[in-house]
Amino acid sequence: AKDMEEAHKIAPEWIDSLRDVGVKTLVIYPLRSDNKTIGYIWAGNFPVEKTLMIKETLGLTTFILSAEIANEQNVRKMKIMSSTDLLTGVYNRNAMNNRISEDVNGTRLIKKPFGVFFIDVNGLKTINDTQGHLAGDNLLKDVALTLKGLEGDNIEIYRVGGDEFLIITPLTSPAEFLKLEEELKSKSELPNRAHFAVGSCHSDENDDVRKAMQKADARMYEVKEEYYSRHPEFEWHSKPV
């Protein structure tokens, strides 16, 4: 009865509904995870002489359930952290490698037609050297924000290197691909925003995703070289061998 009164202070409508169906006694324990209450477990209308046993049973049950829930949440967090770039919030290189492997071994195909885009941040090293790594991180986050704002479905975004991003767009027609390409290019040199180079390849040109990635990467470096020819104030780094 005491637990009923205490619970009534927290959830009067629920307790009133229990009373309406004849529940007169109640033992309730919270389920907690990360110091937060995520649910409750309770028993009602039990023999009064068994109150202590009921409390001990519910206490042990909530302890076990809370531990299992916390473990599941930790596993989920670890999976997210293993596949997410913590700075930008997009997928990381590990996730990209897994995605390509799944396509190659046939466990989860990248559905055709697809598009591939390589994006490289311009001037990142110069900004890091002259303004500090916090300014460089802000460039990366700004590019990621632009990529996450692209119009279209099935857009997978990966940060695959220090200043390089990859976009894979399954089930993308040539017309949709061109629209995305134009959108990226139109946002690649906006005033007061991070600048980036874009290279792309559609599966109509090469339907092997690894070869499509190679083509997109090579084209991105051509665009990047042209950008640095117009902006000699930034230090140019040639394509790694």
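As the structure is a prediction and not an experimental result, all values here were calculated from the model. Note on numbering: residues in each chain are counted from 1, in written sequence order. Reporting in this predicted model follows two pLDDT cut-offs: at least 70 for local features of residues, and 80 or more for side-chain atom pairs to be given and counted; totals over whole chains, interfaces and linings ignore these cut-offs and use all residues. Values shown for side chains rest on all heavy atoms present in the structure; no hydrogens or waters enter the calculation.

## Examining the overall build of the protein
Helices and strands together make up the secondary structure of the protein, namely eight helices and six strands. Its helices and strands taken in sequence order, the protein reads α-α-β-β-α-α-β-α-α-β-β-α-β-α from the N to the C terminus. Taken along its principal axes, the extent of the C-alpha atoms in the protein is 85 × 45 × 30 Å. Partly exposed describes any residue whose relative accessible area lies between the buried limit of under 20% and the exposed limit of over 50%, with all areas from a 1.4 Å probe on protein chains only and scaled to the type maximum. By residue count, 39% of the 241 residues in the protein fall in the buried class. Counting contacts in the protein only where the partners sit at least 6 residues apart, residues at least 24 apart contribute 57% of the total. Note that accessible areas follow from Shrake-Rupley with a 1.4 Å probe, and for residues the cover is restricted to the protein chains shown. Carbon and sulfur atoms make up 55% of the accessible area of the protein, which totals about 14300 Å². Strands are runs of DSSP state E lasting at least two residues, helices are runs of H or I lasting at least four, and both sets are numbered from the N terminus onward. Note on contacts: a residue pair is in contact if any heavy atoms of the two residues lie within 4.5 Å.

## Description of the packing of helix 4 (residues 93-105) against helix 8 (residues 209-230)
Note on definitions: angles span 0 to 180 degrees between N-to-C directions of axes, and those axes are lines fitted to C-alpha atoms, for helices only across the stretch in contact. Running from amino to carboxyl end, helix 4 crosses helix 8 at an angle of 135°, the nearest separation of the two axes being 10 Å. Between helix 4 and helix 8, the angle is such that the two are oblique. Packed against helix 4, whose contacting residues are Met96, Ile100, Asp103 and Val104, the element helix 8 presents Val209, Arg210 and Met213 at the interface. Here the nonpolar group is Ala, Val, Leu, Ile, Met, Phe, Trp, Tyr, Cys and Pro; Asp, Glu, Lys and Arg are the charged ones; every other residue, Gly included, is treated as polar. Here the contact of helix 4 with helix 8 is built from residues that sort into five nonpolar, no polar and two charged. Each angle receives one of four descriptions, namely roughly parallel if under 35 degrees, roughly antiparallel if over 145, roughly perpendicular if within 65 to 115, and oblique otherwise.

## As for helix 6 (residues 133-148)
Because each turn of an α-helix spans 3.6 residues, side chains separated by three or four positions end up pointing in the same direction. With 16 residues, helix 6 extends 22 Å between its outermost C-alpha atoms, agreeing within 8% with the 22 Å of an ideal straight helix rising 1.5 Å per residue. Buried within helix 6 we find Ala135, Gly136, Leu139, Leu140, Asp142, Val143, Ala144, Thr146 and Leu147. Contact partners of the buried residues in helix 6: strand 3 (115-121), helix 5 (124-131), strand 4 (156-159), strand 5 (164-169), helix 7 (174-186) and strand 6 (196-202). Expected helix span is taken as 1.5 Å per residue step, with the number of steps being one fewer than the number of residues.

## Digging into the confidence of the model for the protein
Low pLDDT means the predicted coordinates in that region are not meant to be read closely. Put simply, the protein has an average pLDDT of 88, and 94% of its residues get 70 or more. For every residue, the pLDDT score states the predictor's confidence, bounded by 0 at the bottom and 100 at the top. Looking across the protein, the model is least confident in helix 1 (residues 2-10), with a mean pLDDT of 76, and most confident in strand 6, with 98.

## What about the packing of helix 5 against helix 6?
Close contact between helix 5 and helix 6 brings their axes to 7 Å; oriented N to C, the two are set at 150°. The angle between the axes of helix 5 and helix 6 places the two elements in the roughly antiparallel class. In contact with Leu124, Ile127, Asn128 and Gln131 of helix 5, helix 6 contributes His133, Ala135, Gly136, Leu139 and Leu140. Its residues placed into classes, the contact of helix 5 with helix 6 shows five nonpolar, four polar and no charged.

## Re the sheet that holds strand 5
When DSSP finds two or more bridges between a pair of strands, those strands are recorded as paired. The strand order across the open sheet formed by four strands is 4-5-3-6, and the pairing between neighbours is antiparallel. On the outer flanks of this sheet lie strand 4 and strand 6, each paired with one strand and no other. For this sheet, the mean inter-axis angle between neighbouring strands, taken without regard to orientation, is 15°. Bridge count for strand 3 against strand 5 is six bridges, and the pairing is antiparallel. Paired with Ile119 across the bridge in strand 5 is Phe165. Across the sheet, helix 4 is in contact with strand 4 and strand 5; its angle to strand 4 comes to roughly 125°. Relative to strand 6, helix 8 is tilted by about 145°, and along the sheet it contacts strand 3, strand 5 and strand 6.

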